[in-house]
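# Structural description and commentary
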Amino acid sequence: MNSPIMIACAHGTSSSQGAAEVNALRAAIAELRPGLDVREAYVDVQQPDLVDVVAGLPEGEPAVVVPLLLSVGYHVKVDIARAVKSRPGSAAAAPLGPDPRLAGLLDQRLREAGATDNDVIVLAAAGSSNPNAAVSVEELLGQLRELRSNRMVAAYGASAQPSVPDAVTMLREELAGGAGAGESAGAVDVGGRVVIASYLLAPGFFHDQLAKAGADVVTEPLLPSRVLAEIALDRYDAAVAKASEAAVHATAEASVRAPQEAPAEPATNAQQGGFFKAVRRFVTKYFPR
């Protein structure tokens, strides 16, 4: 049984290690779902470019773009949305985060780095000009707080505030009981450190900057981890299920209308219609009523 093509779309990086980690993630996705056509694409830095990959899809084949990104932001809302809109028969899944499993993975990275309950933590994300990205990071921070009792704040590498260095400075003042310590200072034991939890997918420019932010410890990025492959497949499955449900609903509506009028495509835009049509053929072939 052929499933819609998955386009596993990453940001792109000039780091050879980071690129290798993302390629390994795609390989893990394919290993978990034998027979699934998993294709490589990027929105920046690396090739092949997402627009070119979408344009080169086989005619009539449905496809789902899965953002290998941790939050909603410009690349999801603009780059990926435009690429999907350019080709009927394609759709976009949700990004990988936020997700409680990512919070669990961050907790694991903190334990691997030797973080203790006495430490204060900066959850360091890449940052985005899209305010929804910060909302996603704050949601993830809330999930991490359910796993750890540490004092924690979110901070960003670019395009949002506070910056990671500013957050490190603020928390170091709290540890010292100085300016800005606030009511939380009393809950931090003497001897605690400032720890940066890297909420980044793989090594690259932003992760390299974390080492320069003045913290005592910086955790490793999220990859490598099988958890990311599992989340990516869940996002893909959710997008396919949503399209399949819409296709079945459209088919039912067409059947009801059939005695009165000639069959017609559902009243939707061309991009949605193309994807629903492709998925409807898929559902009719493999799941006949």
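Details of the structure are given in the entry above.
Presented here is a report on the structure given in the accompanying data block. If you're wondering where the values come from, they're calculated on a predicted model, not measured in any experiment. (Residues numbered from 1 in each chain as written. Predicted model: local features only at pLDDT ≥ 70, side-chain atom pairs only at ≥ 80, totals over all residues. Heavy atoms only, no water.)

### Let's talk about helix α5 (residues 131-145)
Count 3.6 residues to each turn of an α-helix, and residues three or four apart come out pointing the same way. For α5, which comprises 15 residues, the first-to-last C-alpha distance of 21 Å matches the rise-based estimate of 21 Å (1.5 Å per residue) to within 8%. Where α5 is buried, its residues meet α4 (100-112), β5 (120-125) and β6 (151-156). Capping the start of α5, N130 holds a side-chain oxygen 2.8 Å from the backbone nitrogen of N132, two or three residues further along. (Helix = DSSP H or I, 4+ residues; strand = E, 2+ residues; numbered from the N terminus. Expected span 1.5 Å × (residues − 1). Contact = heavy atoms within 4.5 Å. Polar contact = N/O pair within 3.5 Å; in protein donor to acceptor, adjacent residues only side chain to side chain.)

### Thoughts on the nonpolar core
By size, the foremost hydrophobic cluster in this structure holds 48 residues, and its most contacted members are L68, Y199 and L228. No other element matches the eight residues that helix α8 (residues 226-257) contributes to this core. Counting only domains with at least three residues in this core, you end up with domain 1 (5-97 + 225-246) and domain 2 (100-218). Sequence-distant contacts of L228, defined by excluding residues within four places in its chain, comprise L25, L96, L102, L105, L201, L222 and L223. With 16 residues, the next largest nonpolar core counts I5, V54, A63 and I80 among its residues. (Core = buried A, V, L, I, M, F, W, Y, C linked by side-chain atoms within 4.5 Å. Buried < 20%, exposed > 50% of the residue type's maximum accessible area, 1.4 Å probe, protein only. Domains from an automatic or database assignment.)

### Re helix α1 (residues 16-32)
The end-to-end C-alpha distance of α1 is 24 Å, a good match for the 24 Å that 17 residues give at a rise of 1.5 Å each. For α1, the full list of buried residues reads G18, A19, E21, V22, L25, R26, A28 and I29.

### A closer look at the sheet that holds strand β7 (residues 194-198)
Read from one edge of the open sheet, four strands run β6-β5-β7-β8, paired in parallel fashion. With partners counted over all chains shown, the strands left at the sheet margins are β6 and β8 (217-218), one partner each. Where β5 and β7 come together, five bridges link them in parallel fashion. In the sheet register, I121 faces β7, and the bridge partner there is V195. Running over the sheet, helix α6 (residues 164-176) touches β5, β6 and β7 and is turned about 160° from β6. (Pairing = 2+ DSSP bridges. Axes fitted to C-alpha atoms, helices over the stretch in contact; angles between N-to-C directions.)

### Side note on unusual backbone geometry
Along the chain, Q47 connects to P48 via a cis peptide bond; the corresponding omega equals 5°. On the secondary structure map, P48 appears in the loop between β2 (38-42) and α2 (50-55). A positive phi angle, close to 70°, is found at V45, a residue other than glycine. You can see V45 is positioned in the loop between β2 and α2. Look at S159: it is not a glycine, yet its phi comes out positive at around 70°. Among the structural elements, S159 can be located in the loop between β6 and α6. Classification of S159 by relative accessible area gives exposed; the value is 57%.

These figures come from the coordinates and say nothing about function on their own.
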